[in-house]
Amino acid sequence: MTPSYEPHTYPARLSDAERDRALALLREGAAQGKLSHDTFLYRMELALAARQSAELAALTSDLDTDGRWSRKMFTAVSRASAFTVRLRRAWTTERLPKLLFPEPGPIPLRIGRDAGNGLRLSHETVSRRHAELMQQGGIWILRDLGSTNGTCVNGRRVTGAAVVNDGDQVSFGRMSFRLSVT
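Counting from 1, residues in each chain are numbered in the order their sequence is written. Note on the predicted model: pLDDT of at least 70 is required for a residue's local features to be given, and 80 or more for side-chain atom pairs to be given and counted; whole-chain, interface and lining totals, by contrast, use all residues. Here the side-chain values reflect all heavy atoms present in the structure, with hydrogen atoms and water set aside.

The name given to the protein chain in an unreviewed UniProt entry is FHA domain-containing protein, with Streptomyces candidus as the source organism.

Written out as structure tokens, the structure is:
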């Protein structure tokens, strides 16, 4: 009688793509706040030491956002958040004092705390020479002059210069205005 020999089957080795997908899901889960920092680090170590696909699946089963329901939910929450931001900005902008565009000319309107500026703002967050507003080729440009507390247009900080239009919200330090032609 000859002894029967059955070869031992080993589980398939993990591919780099499987491991990379699991690591990406863990990073995304941590970025979305689904994992604490400690849990993220612990799961990353386990993912790097994993030998089978089932181990990776167990580490990421609660994070997989490839499903339609999850994508729809994230999209809906994102849109609702963006809507509230736009609504708050519109409500705030309409209530701001108007800042009228100056008459176009070769000399820009200087804005700041110094008495020599065309628009003097006496607030402690406004620099002495804060910004200037000028028209170039039919386009209005707001330029920050290296102010300490910054110049913003529609909530975004200006580094250098920005094109501005009627209705834009501009702020110099903590003082905010709505640009207007009338």
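After presenting the structure, the write-up continues.
(A) The arrangement of the packing of helix H1 (residues 16-31) against helix H2 (residues 37-49) in detail. Axis lines are fitted through C-alpha atoms, for helices just across the contact stretch, and the angle between N-to-C directions can take any value from 0 to 180 degrees. For the purposes of this entry, the term helix denotes a DSSP run of H or I that reaches at least four residues, the term strand denotes a run of E that reaches at least two, and both are numbered from the N terminus. The contact between H1 and H2 brings their axes to 10 Å, and the two run at 180 degrees. Here H1 is positioned roughly antiparallel relative to H2, judged by the angle of their axes. Across the interface between the two elements, Arg19, Leu23, Leu26, Arg27 and Ala30 from H1 touch Phe40, Arg43, Met44, Ala47, Leu48 and Ala49 from H2. Three residue categories are used. Nonpolar comprises Ala, Val, Leu, Ile, Met, Phe, Trp, Tyr, Cys and Pro, charged comprises Asp, Glu, Lys and Arg, and polar comprises the others, including Gly. Per-class residue counts for the contact of H1 with H2 are eight nonpolar, no polar and three charged. What sets the label is the angle itself: under 35 degrees gives roughly parallel, over 145 gives roughly antiparallel, 65 to 115 gives roughly perpendicular, and the rest give oblique. Between two residues, a contact is recorded if the distance between any of their heavy atoms is within 4.5 Å.

(B) Looking closely at the packing of H1 against helix H3 (residues 53-60). At a closest axis distance of 10 Å, the pairing of H1 and H3 adopts a crossing angle of 10 degrees. The orientation of H1 relative to H3 falls into the category roughly parallel. Of the residues in H3, those in contact with Glu18, Arg19, Ala22, Leu25 and Leu26 of H1 are Ser53, Leu56, Leu59 and Thr60. Classifying every residue of the contact of H1 with H3 gives five nonpolar, two polar and two charged.

(C) How the structure looks around unusual backbone geometry. Backbone geometry places Asn154, a non-glycine residue, at a positive phi of 50 degrees. Its place among the elements puts Asn154 in the loop between strand S6 (151-153) and strand S7 (156-157).

(D) Just the environment of Ser36, in detail. Here Ser36 is to be found in the loop between H1 and H2. The buried label applies to any residue whose accessible area, calculated with a 1.4 Å probe on protein chains only, is under 20% of its type's maximum; exposed applies above 50%, and partly exposed to all values in between. Judged by relative accessible area, Ser36 falls into the partly exposed class, the value being 42%. Polar side-chain contacts of Ser36 include one of 2.9 Å to the side chain of Thr39. Polar contacts, as counted here, are pairs of nitrogen or oxygen atoms within 3.5 Å of one another; within protein the pair requires one atom able to donate a hydrogen and one able to accept it, and residues that are adjacent in sequence qualify only if both atoms are side-chain atoms.

(E) Representation of the sheet that holds strand S10 (residues 175-180) within the structure. What the five strands build is an open sheet, ordered S1-S10-S9-S6-S7; its pairing is mixed. Looking at the sheet topology across the chains shown, the edges are occupied by strand S1 (98-100) and S7. Pairing between strands is defined by DSSP: at least two bridges between the two strands are required.

(F) Broad picture of H3. Residues Leu56, Leu59 and Thr60 constitute the buried set of H3. Relative to the axis of H3, the buried residues are bounded by an arc of 85 degrees and lie together on one face. The exposed residues of H3 that point more than 90 degrees off its buried face are Ala54 and Ala58. Where H3 is buried, its residues contact H1 and H2. Each direction from the helix axis to a C-beta atom contributes to the arc, which is the arc of those directions.

(G) Region of interest: the sheet that holds strand S3 (residues 119-120). On the basis of which strands lie adjacent, the open sheet formed by five strands has the order S3-S2-S4-S5-S8 and mixed pairing. Whereas interior strands pair on both sides, the edge strands pair on one side only; in this sheet they are S3 and strand S8 (161-164). Bridging between strand S4 (residues 131-136) and strand S5 (residues 139-144) involves six bridges; their strand directions are antiparallel. Within S5, the residue paired with Ala131 across the bridge is Asp144.

(H) Highlighting the side chain of Ser171. Within the element layout of this structure, Ser171 appears in strand S9 (residues 169-172). Beyond its immediate stretch of four places on either side in the chain, Ser171 contacts Gly150, Thr151, Cys152 and Ser176.

(I) Structural detail: the confidence of the model for the protein chain. What pLDDT conveys is the predictor's confidence in a given residue, as a value from 0 to 100. On average, residues of the protein chain score 86 in pLDDT, and 85% of them reach the 70 mark or higher. Mean pLDDT in the protein chain bottoms out at helix H4 (residues 68-95), which sits at 71, and peaks at strand S2 (residues 109-112), which reaches 97.

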